[in-house]
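Chain by chain, the residues:
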Amino acid sequence: MALASGVRFAPRALLRPWALLRGTTLGRTEPAAGGGGDGARRFGSQRVLVEPDAASGVAVMKLRNPPVNALSLELLTELVISLEKLENDKTFRGIILTSDCPRVFCAGLDLTEICGRNPAHCAEYWKAMQELWLRMYLSSLVLVAAINGACPAGGCIIALSCDCRVLADNPKYRIGLNETLLGIIAPFWLKDTYVNTIGHRASEQALQLGSLFPPAEALQVGLVDQVVPEDQVQSTALSEMARWLAVPDHARQLTKNMMRKATADRLLRQRDADTQNFVSFVCRDSIQKSLQAYLEKLRQRKG
Ligand SMILES: CCCCCCCCCCCCC/C=C/C(=O)SCCNC(=O)CCNC(=O)[C@H](O)C(C)(C)COP(=O)(O)OP(=O)(O)OC[C@H]1O[C@@H](n2cnc3c(N)ncnc32)[C@H](O)[C@@H]1OP(=O)(O)O
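Along every chain, residues carry numbers that run from 1 in the direction the sequence is written. The predicted origin of the model limits local features to residues at a pLDDT of at least 70 and limits the giving and counting of side-chain atom pairs to 80 or more, whereas totals for whole chains, interfaces and linings rest on all residues.

The protein chain has the name Enoyl-CoA delta isomerase 1, mitochondrial in an unreviewed UniProt entry, where Bos mutus grunniens is given as its organism. UniProt positions are given in the numbering used here, feature names are shortened, and annotations may be inferred rather than shown by experiment. Per UniProt, the comment on the protein chain under Function (unreviewed entry) is "Key enzyme of fatty acid beta-oxidation. Able to isomerize both 3-cis (3Z) and 3-trans (3E) double bonds into the 2-trans (2E) form in a range of enoyl-CoA species, with a preference for (3Z)-enoyl-CoAs over (3E)-enoyl-CoAs. The catalytic efficiency of this enzyme is not affected by the fatty acyl chain length."

Engineer: Is there a simple way to think about the nonpolar core in this case?
Structural biologist: Generally speaking, soluble globular proteins have nonpolar side chains that are buried together. Note on definitions: a nonpolar core is a set of buried residues drawn from Ala, Val, Leu, Ile, Met, Phe, Trp, Tyr and Cys, linked by C-beta atoms within 7 Å. Residues with at least 20 neighbouring C-beta atoms inside 10 Å of their own are called buried, those with 12 or fewer are called exposed, and the rest are partly exposed, where every C-beta is derived from the backbone. Formed by 84 residues in total, the largest nonpolar core has its most connected members in Val-144, Ile-147 and Ile-175. Residue contributions to this core peak at 10 residues, all from helix H2 (residues 119-137). Any residue pair is listed as a contact if its two C-beta atoms, each placed from the backbone, are within 7 Å. Once residues within four sequence positions are removed from consideration, Ile-175 is found in contact with Ile-147, Cys-151, Cys-156, Ala-159, Leu-167, Leu-212, Phe-213, Ala-218, Leu-223 and Val-224. In DSSP terms, a helix is any run of H or I states spanning at least four residues, a strand is any run of E spanning at least two, and both are numbered starting from the N terminus.

Engineer: Before we go on, may I ask you to explain the packing of H2 against helix H8 (residues 249-269) in this structure?
Structural biologist: Lines fitted to the C-alpha atoms define the axes, with helices restricted to the stretch that makes contact. Angles between their N-to-C directions range from 0 to 180 degrees. At a minimum axis separation of 10 Å, H2 and H8 run at an interaxial angle of 165°. Taken together, H2 and H8 sit at an angle that is classed as roughly antiparallel. Handedness of the H2/H8 crossing: left-handed. Contact residues: Gln-130, Leu-134 and Tyr-137 in H2; Arg-260, Ala-264 and Leu-267 in H8. Throughout, the ten residues Ala, Val, Leu, Ile, Met, Phe, Trp, Tyr, Cys and Pro are labelled nonpolar, Asp, Glu, Lys and Arg are labelled charged, and all others, Gly among them, are labelled polar. Tallied by class, the residues present in the contact of H2 with H8 amount to four nonpolar, one polar and one charged. Put simply, angles under 35 degrees are roughly parallel, angles over 145 are roughly antiparallel, angles from 65 to 115 are roughly perpendicular, and the rest are oblique. Each crossing gets its hand from how the near helix is turned against the far one by less than a right angle, where anticlockwise is left-handed and clockwise is right-handed.

Engineer: It is not clear to me how the site of the ligand should be interpreted in this structure. Could you clarify?
Structural biologist: Each residue receives a C-beta atom placed from its backbone. It is near a molecule or strand if this atom lies within 6 Å of it. Surrounding the ligand, one finds 32 residues, the nearest of these being Gly-108, Leu-109, Ala-153, Gly-154 and Leu-298. Elements with a contribution of two residues or more to the shell around the ligand: helix H9 (271-282) and helix H10 (285-300). The element that contributes the greatest number of residues to the shell around the ligand is H9, accounting for four residues. For the shell around the ligand, the per-class residue count stands at 21 nonpolar, five polar and six charged.

Engineer: Please clarify how the pairing of strand S5 (residues 94-99) should be interpreted in this entry.
Structural biologist: In regular strands, side chains alternate between the two faces of the sheet. Within S5, six of the six residues are buried, which leaves it mostly tucked inside the rest of the structure. Any two strands with at least two DSSP-identified bridges between them are counted as paired. In this sheet, S5 lies alongside strand S4 (residues 58-63) in parallel orientation, the contact comprising six bridges. Bridge assignment links Lys-62 to a residue of S5, and that residue is Thr-98. Place the viewer so that the strands point away; then a crossover is right-handed whenever the path from the first strand over the helix to the second strand goes clockwise. Handedness of the S4-helix H1 (residues 73-88)-S5 crossover: right-handed. Pairing of S5 with strand S6 (residues 142-147), which is carried by four bridges, proceeds in the parallel orientation. Note that in S6 the partner of Ile-95 across the bridge is Leu-143.

Engineer: What am I meant to see in the packing of helix H4 (residues 188-198) against H8 here?
Structural biologist: The N-to-C vectors of H4 and H8 enclose an angle of 175°; their axes lie 10 Å apart at closest approach. In terms of orientation, H4 lies roughly antiparallel with respect to H8. Residue-level inspection shows Trp-189, Asp-192, Thr-193 and Asn-196 of H4 in contact with H8, the latter providing Thr-263, Arg-266 and Leu-267. The residue inventory of the contact of H4 with H8, partitioned by class, reads two nonpolar, three polar and two charged.

Right under this line is the structure:
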């Protein structure tokens, strides 16, 4: 997205996301319940519901990939497309990102995308993950995460790439990077994002231990900015948004870029190597075995 200064803010898509979406409903618009004019029209796709409010310049983007909003390749792609659509529409200055699935904000990587898949598929999947993170982390829009459910691993990545996080006060809604407990390792750009948010020492501990923080601890460590009763998450996210939108866009955008560009550039410089590392790591027999076992445990835990 171009800034007033001419600086290009978010990298152009290196994926060709449209190819994945043939036959889906992406781009369709429909009136919101009780809505009337253009400002109340919804658009979106199968897995991302967008409720734009042109009057305020804020859109609510809801993840709806039941049961747990696992980040499938399709969901990643649809998120990038929806974000790009809002960024290209000068009406919008902010997005509130939340979940349409009960009790879960986002369960992280869709493990079925990297379990028993060939290296080419894993590479395509990881590039989509990188793309979404780059786009969100550098978005010129204000992104507020209204975290209304559990938020582990890749879910936490999504939340961390926003500007501000509001978490519902429910002890089951834990947030953090638990990769080590699955036998996998957070990539350097995710570690950098963690360090940028909660500092080096807290990241060192939390990453090694695979800590998932309940709300009060997440607030204390600085992983989220507010913890509020569940029925106030949306309204608090809107108040936060108003606070961020009170700042002139160009000054806020350039400051955001100044704070985040070095972290994003590090990935941009090493994107291919990062993909190769990911693929060779997750395709190891030992890692495949532990991912299989983890998925099995998740499936059996039900009921
Ligand atoms: C040396 C070289 C270094 C190189 C570096 C390489 C790096 C390589 C690693 C890269 C790491 C990237 C970073 C990101 C990692 C991830 O995101 S991994 C995913 C981690 N996620 C989790 O651990 C969450 C797992 N899920 C849960 O804990 C719970 O499901 C929940 C979210 C708390 C919700 O609980 P509940 O409402 O009770 O639902 P469940 O009954 O548990 O689940 C319902 C069904 O959903 C399936 N499911 C859950 N999570 C996932 C998932 N992540 N992927 C796929 N499927 C998932 C679950 O199995 C149930 O399925 P069914 O039984 O079939 O209904």
